[in-house]
Amino acid sequence: MTKYIFFTGGVVSSVGKGVTAAALGRLLKARGLSVGVQKLDPYINVDPGTMSPYQHGEVFVTEDGAETDLDLGHYERFIDINLNQVSNVTTGRVYAEVIGRERRGDYLGGTIQVIPHITDEIKRTIHLVAKTSQADVILIEVGGTVGDIESLPFMEALRQMRSDLGPENTLYVHVTFLPYIGASRELKTKPTQHSVRELRGIGIHPDVIIARADHDIPQEHINKIALFCDVPARAVIPAKTSDILYSIPLSLRETGLDDFVIERLGLNTVAKPDLLEWQAMIEEMRRPKPILKIGIVGKYVELQDAYMSVKEALYHAGTANHRQVEIVWIQSGDLEKGKSWELLEDVDGIIVPGGFGERGIEGKIMAARWAREKKIPYLGLCLGMQVMCIEFTRYVLGNDDVNSTEFHSQTEHPVISLMADQRDLADMGGTMRLGAYPCQLVPGTKAAKAYNKELVHERHRHRWEFNNNYREILAERGMVFSGLSPDGRLVEIAEIAGHPFMLGSQFHPEFKSRPNRPHPLFKAFVAAAVAHQETGSGEDTAVTPKTPGENGRSKVTSS
Ligand code: GLN
């Protein structure tokens, strides 16, 4: 019998409900259980793919091409599993499905209602996770906090799950927050009491309360929450904000949360979780290491959640290279205005991450040019690869009118152009090249050395691609096409010869990085940045000829 653990949030959002659930997932896996995951998001969008990163943060892409909430990234990284299309379900998706059935006449003239039709559809998707994953335990997280109008159908479906399956197969975990009042120097439990009352009002009685706080939580607070919320004291779990994200499974283990959950659900497991490797990893992360500054040049840098997986992949690769990566966030639009260059000058490696739309593009091209001329390690991720190709082509042709047709539809040299199967699409949502595709590596290249493999599978999310009309001329001038689709048609990885490390991938390697298994490209990039830090190599390289503009800082125009 599959066991279900439901996570709801109380008091405020953004207290790390997803991370907490993911950390419990890691603990259960360490006890020999298999774990499945689903995030239920109450917003009306069918998926987060069409939302601005400012609204939503990163869109995490799964192997099978689902555009999902960034919490799914935490689940993949903590539990080390690959999630899929059913792992993230929104109100929009539930309604789209039900309305689709209604239009087909499947309801035979019936009136369609929230209960039972919407709640039944929600429950169907929950059961689908159990069916597709065949896992022992399914973790289901509901986005937002209790009391949100739009989450009510989800809450009702969760409530019904207990009646359907029995208390021995279902567990409700409520993640709340204890605010700290500076004047009286104390944590407050009252908002938690209120939110539990609200939850009980909709028929859900929590079995576990996880109390998040930025300060130590005294035992008397635990007892108080237990008393007022009708939960045994051992099921009130103190969860103080942690300095190292990945240490949360270890701190939850200390509270005995996994023991309680296993007992309560009657799960058959080994007596103790096997966390030796995880502990060693945390020790390594904690060990003081020299700082390595890496610049991320993007346009959403004010909201770093937009680059969640890039950030994490960098930290993973940093640990593997015995460095503490310090990310320097650089707004690409600033570079265009002649600002923030001192930040760029100070880093030992540059990443241009993914992105959409024209704003800030020229700043990213300037950063790529800076990296190429100054021989600073550069890693381009999707758009970052396209930017690297635009910059190199401008240099090779000595012509500024080189661009992607995404930013300049009439450009003289569309070195990045729309994929054939994208040209006639009218819909924006879910229509990109999405999910994992094979990539054949060319022996002897930096990419092949980094992976030490011939064939890899990496996740994509883009509409534009490298234009093969430019392959020959760029190859002659030192661009190496080191990763191709197996039929040779699509450029998946490009690098620049004679540069310590300048590589861009049309896919997003960041999605597959794990704390204990850093992504090969990130690892190789950080290794090159360490070499740059140690030797300062390439620092005073003369500006290459044929480059538009006066020096590395001049504005490059696109038309
Ligand atoms: N905007 C570019 C494209 O659609 C890059 C997308 C990305 O960086 N994810 O091709």
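One structure accompanies this document, and this report is about it. (Residues numbered from 1 in each chain as written. Predicted model: local features only at pLDDT ≥ 70, side-chain atom pairs only at ≥ 80, totals over all residues. Heavy atoms only, no water.)

**Considering the overall build of the protein chain**
Here is step 1 of the chain: Helix and strand counts for the protein chain stand at 19 helices and 23 strands.
Here is step 2 of the chain: Dimensions of the protein chain, computed from C-alpha atoms along their principal axes, come out at roughly 75 × 60 × 45 Å.
Here is step 3 of the chain: Classification of the 559 residues of the protein chain by burial places 59% in the buried group.
Here is step 4 of the chain: When the accessible area of the protein chain is evaluated, it comes to approximately 22400 Å², of which 50% is carbon and sulfur surface.
Here is step 5 of the chain: If the 62 positive side-chain charges of the protein chain are averaged to one point and the 72 negative ones to another, these points end up 3 Å apart. (Helix = DSSP H or I, 4+ residues; strand = E, 2+ residues; numbered from the N terminus. Buried < 20%, exposed > 50% of the residue type's maximum accessible area, 1.4 Å probe, protein only. Areas by Shrake-Rupley, 256 points an atom, 1.4 Å probe, with all protein chains shown as cover. Lys, Arg positive; Asp, Glu negative; His and termini not counted. Charge placed at Lys NZ, Arg CZ, Asp CG, Glu CD.)

**Section: the pairing of strand β21 (residues 479–484)**
For a regular strand, the rule is simple: side chains alternate between the two faces of the sheet.
Here is step 1 of the chain: The buried count for β21 comes to five of six residues, which makes it a mostly enclosed element.
Here is step 2 of the chain: Bridge count for β21 against strand β22 (residues 491–496) is five bridges, and the pairing is antiparallel. In the strand pairing of β22, L484 is matched with V491.
Here is step 3 of the chain: Linkage of β21 to β22, two consecutive antiparallel strands, is achieved through a turn of six residues, within which G488 is found at a positive phi near 80 degrees. (Pairing = 2+ DSSP bridges.)

**Topic: the pattern of salt bridges**
Pairing is possible between side chains of opposite charge, provided their charged atoms come close.
Here is step 1 of the chain: Applying the stated criterion across every chain yields a total of 38 salt bridges.
Here is step 2 of the chain: A single salt-bridge network, built from bridges that share partners, covers E63, E76, D80, R459, K512, R514 and R517. (Salt bridge = Lys/Arg side-chain N within 4 Å of Asp/Glu carboxyl O.)

**Side note on the side chain of H519**
Here is step 1 of the chain: By the secondary structure assignment, H519 is in the loop between β23 (502–505) and α19 (520–535).
Here is step 2 of the chain: Taking the relative accessible area as the measure of exposure, H519 reaches 3% and is therefore buried.
Here is step 3 of the chain: Here the side chain of H519 touches E458 through a polar contact of 2.6 Å, side chain to side chain.
Here is step 4 of the chain: Not counting residues within four places of it along the chain, the set of residues in contact with H519 comprises Y451, E458, P509, K512 and S513. (Polar contact = N/O pair within 3.5 Å; in protein donor to acceptor, adjacent residues only side chain to side chain. Contact = heavy atoms within 4.5 Å.)

**Considerations on the site of the ligand**
Here is step 1 of the chain: Taken together, the neighbourhood of the ligand is formed by G354, G355, F356, C382, L383, Q386, E406, R461, H462, R463, W464 and H508.
Here is step 2 of the chain: Here an oxygen atom of the ligand sits 3.0 Å away from a polar atom, N or O, in the main chain of G355.
Here is step 3 of the chain: In this structure, an oxygen atom belonging to the ligand sits 3.1 Å away from a main-chain N or O atom of L383.
Here is step 4 of the chain: Alone, the ligand offers 300 Å² of accessible surface; in the complex the protein occludes 99% of this.
Here is step 5 of the chain: Contributions of two or more residues to the shell around the ligand are made by α16 (383–397) and β19 (455–462).
Here is step 6 of the chain: Of the residues that constitute the shell around the ligand, the class distribution is four nonpolar, five polar and three charged. (Near = heavy atom within 4 Å. Nonpolar A, V, L, I, M, F, W, Y, C, P; charged D, E, K, R; others polar.)

**Some points on the packing of aromatic side chains**
The description of an aromatic ring pair rests on the distance of the ring centres and on the angle between the ring planes.
Here is step 1 of the chain: Enumeration according to the criterion identifies 13 aromatic pairs in this entry.
Here is step 2 of the chain: Measuring from centroid to centroid gives 5.6 Å for Y54 and Y300, while their planes differ by 85 degrees, and the two rings are edge-to-face. Of the two residues, Y54 is situated in helix α2 (residues 53–56) and Y300 in the loop between β12 (291–298) and α12 (308–320); the sequence distance between them amounts to 246 residues.
Here is step 3 of the chain: Assessed through its relative accessible area of 39%, Y54 is described here as partly exposed. (Phe/Tyr/Trp six-rings, centres within 6.5 Å; stacked < 30°, edge-to-face > 60°.)

**Let's talk about the nonpolar core**
Soluble, globular proteins show a tendency: their nonpolar side chains are buried together.
Here is step 1 of the chain: If you look at the biggest cluster of nonpolar residues, it comprises 63 residues, and the most contacted ones within it are I5, L28, L139 and V208.
Here is step 2 of the chain: When residues in this core are grouped by element, the largest group, eight residues, is from helix α1 (residues 17–30).
Here is step 3 of the chain: Excluding residues within four positions of it along the chain, L139 makes contact with I5, F7, A21, G25, L28, V35, G36, V37, Q38, Y75 and I79.
Here is step 4 of the chain: One finds W341, L344, W370 and W464 within the second-largest nonpolar core, a separate group that totals 43 residues. (Core = buried A, V, L, I, M, F, W, Y, C linked by side-chain atoms within 4.5 Å.)

**Looking at the environment of I376**
Here is step 1 of the chain: Structurally, the position occupied by I376 is in the loop between α15 (361–374) and β15 (378–381).
Here is step 2 of the chain: According to the relative accessible area criterion, I376 is buried, its value standing at 5%.
Here is step 3 of the chain: Taking the C-alpha atoms as reference points, I376 and H532, separated by 156 residues in sequence, lie 7.1 Å from one another.
Here is step 4 of the chain: Not counting the four nearest positions on each side in its chain, I376 is found in contact with V347, D348, G349, I350, W370, A371, H499, F501 and H532.

**Things to note about the state of the cysteines**
Here is step 1 of the chain: This model, assessed by the stated rule, comprises zero disulfides.
Here is step 2 of the chain: C389 takes part in no disulfide bond, and the closest cysteine sulfur, belonging to C382, lies 11 Å away.
Here is step 3 of the chain: Taking relative accessible area as the criterion, C389 reaches 0% and is therefore assigned buried. (Disulfide = S-S within 2.5 Å.)

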